[in-house]
2 protein chains.
Amino acid sequence: MTVLEEIKAANDVYAQSFGEKSTLALPPARGFAILTCMDARLDPAKYAGLSEGDAHVIRNAGGRASDDAIRSLVISYKLLGTREWFVIHHTNCGMEFFTDDVIRGLLANSLDTAALGEAGFYDIGTGPGSAEAKYIDWLTISDQASSVLEDVERIKAHPLIPRNIPIHGYIYDVASGRLIEVPAATAAGSKQ
Amino acid sequence: MTVLEEIKAANDVYAQSFGEKSTLALPPARGFAILTCMDARLDPAKYAGLSEGDAHVIRNAGGRASDDAIRSLVISYKLLGTREWFVIHHTNCGMEFFTDDVIRGLLANSLDTAALGEAGFYDIGTGPGSAEAKYIDWLTISDQASSVLEDVERIKAHPLIPRNIPIHGYIYDVASGRLIEVPAATAAGSKQ
């Protein structure tokens, strides 16, 4: 089966036992939102115990507090009433293994998929590439605890975010499945 | 229990039976990515049949092809080898119930959560507000099929995206749990 056929078959099974989920309300029933990474190993519904209808889940490369994540968070509380947020990065994140210069160089050379070796990513494509990557901030990560704290602070300081929304910083350990708290004091003064 | 205590308790149960998931590889095993909405009623792992390690999942308000979603998609294929993508919006999306002018007006008046009535969102907060919302494109939706096609086309036309990546457009029906294809021809010529 192709990926598309597999998804259609899985969706058919899901829809056949959909039951009471058809009447779920639009606003999250448990009133919170999670911002986390797109990484395939992470399933926020499973690692945080969410059922359909419970919470907003925002995901991007790194789980970063990008402008778009902030757009989503503002809509989440202002229009849909969430009142508590979680920023959850994770161990062994792909965003730790490259820098802006690396991905800009790779994409300038070729749009094809690169390979990951012991020394990092290297280009196996034959082009064409694009210089467009120079105009994007890739939001890479050099230290997980610092990136979590930096993102929590960015959200807290945003002019559209009320000061009284609790924002919790966590790291998900892909080796154990455990959420590890990042206390605000741990990396005081650290920047990345 | 507080939300935080509930999440910790659920995570503890998950981690205790983590098993072989501790050895999952970083690149998505099934080689695809899903871009979908943050809506609480959507669980992409369930509606598309994903296990941990299978696929990248990118989520924001509306499931829109924002600059940040494109950042994530480029990282997904260039560094982590996905080769097929799905853009999945959904029925009864909150992004259909307001416009840029509405959310800008609400936030200018008060940062507090608004209420949703029959005539749309209305402000129940007492301020202070912020004019910062004027500087954000909220990526609202007026027609689901058009927004899916618009986003698929934006991704396909991006200078950093190879032309040979298949991108499928779907709408998830929150009343039935079913994925409904949005064929490229359906809304030819329509814009939103």
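Bear in mind that the values here come from a model prediction, so they are computed numbers and not experimental data.

## Overview of the nonpolar core
Judged by nonpolar contacts, the single largest core of 62 residues is most densely connected at A:Trp138 and B:Ile155. Beyond its immediate stretch of four places on either side in the chain, A:Trp138 contacts A:Met95, A:Phe98, A:Asp100, A:Ile103, A:Arg104, A:Leu107, A:Ala133, B:Arg71, B:Val74, B:Ile75 and B:Leu160. Core analysis: the second largest hydrophobic core is formed by 60 residues, A:Leu80, B:Phe86, B:Met95 and B:Phe98 among them.

## A short note on the interface of chain A and chain B
The partner chain B presents 92 residues to the 91 residues of chain A that form the contact. When chain A packs against chain B, close to 7600 Å² is buried across both sides, 63% of that on carbon and sulfur atoms. For the chain A face of the interface with chain B, the top three residues by lost area are A:Met38, A:Arg71 and A:Lys78, together amounting to 10%. Inspection of the chain A/chain B interface yields eight salt bridges. For the interface between chain A and chain B, the tally reads 45 residue pairs in polar contact (both at pLDDT 80 or more). Contributions of two or more residues to the side of chain A that touches chain B are made by α1 (3–16), α2 (44–47), β2 (55–60), α3 (67–78), α4 (100–109) and β6 (167–172) of chain A. Classifying every residue of the side of chain A that touches chain B gives 48 nonpolar, 21 polar and 22 charged.

## A word on the relation of the copies chain A and chain B
To go from the first copy of the chain to the second, apply a rotation about an axis and then a shift along the same axis. The transform that puts chain A on chain B rotates by 180° and translates by 0.0 Å along the axis, for an RMSD of 0.0 Å. The operation mapping one copy onto its partner corresponds to a two-fold rotation axis. Taking C-alpha positions as reference, the residue of chain A nearest the rotation axis is A:Arg59, located at 2.3 Å.

Cut-off values and rules
- Residues numbered from 1 in each chain as written.
- Chains lettered and ligands numbered in written order.
- Predicted model: local features only at pLDDT ≥ 70, side-chain atom pairs only at ≥ 80, totals over all residues.
- Heavy atoms only, no water.
- Core = buried A, V, L, I, M, F, W, Y, C linked by side-chain atoms within 4.5 Å.
- Buried < 20%, exposed > 50% of the residue type's maximum accessible area, 1.4 Å probe, protein only.
- Contact = heavy atoms within 4.5 Å.
- Buried area = accessible area lost by both parts, 1.4 Å probe.
- Salt bridge = Lys/Arg side-chain N within 4 Å of Asp/Glu carboxyl O.
- Polar contact = N/O pair within 3.5 Å; in protein donor to acceptor, adjacent residues only side chain to side chain.
- Helix = DSSP H or I, 4+ residues; strand = E, 2+ residues; numbered from the N terminus.
- Nonpolar A, V, L, I, M, F, W, Y, C, P; charged D, E, K, R; others polar.
- Least-squares fit on C-alpha atoms with pLDDT ≥ 70 in both.

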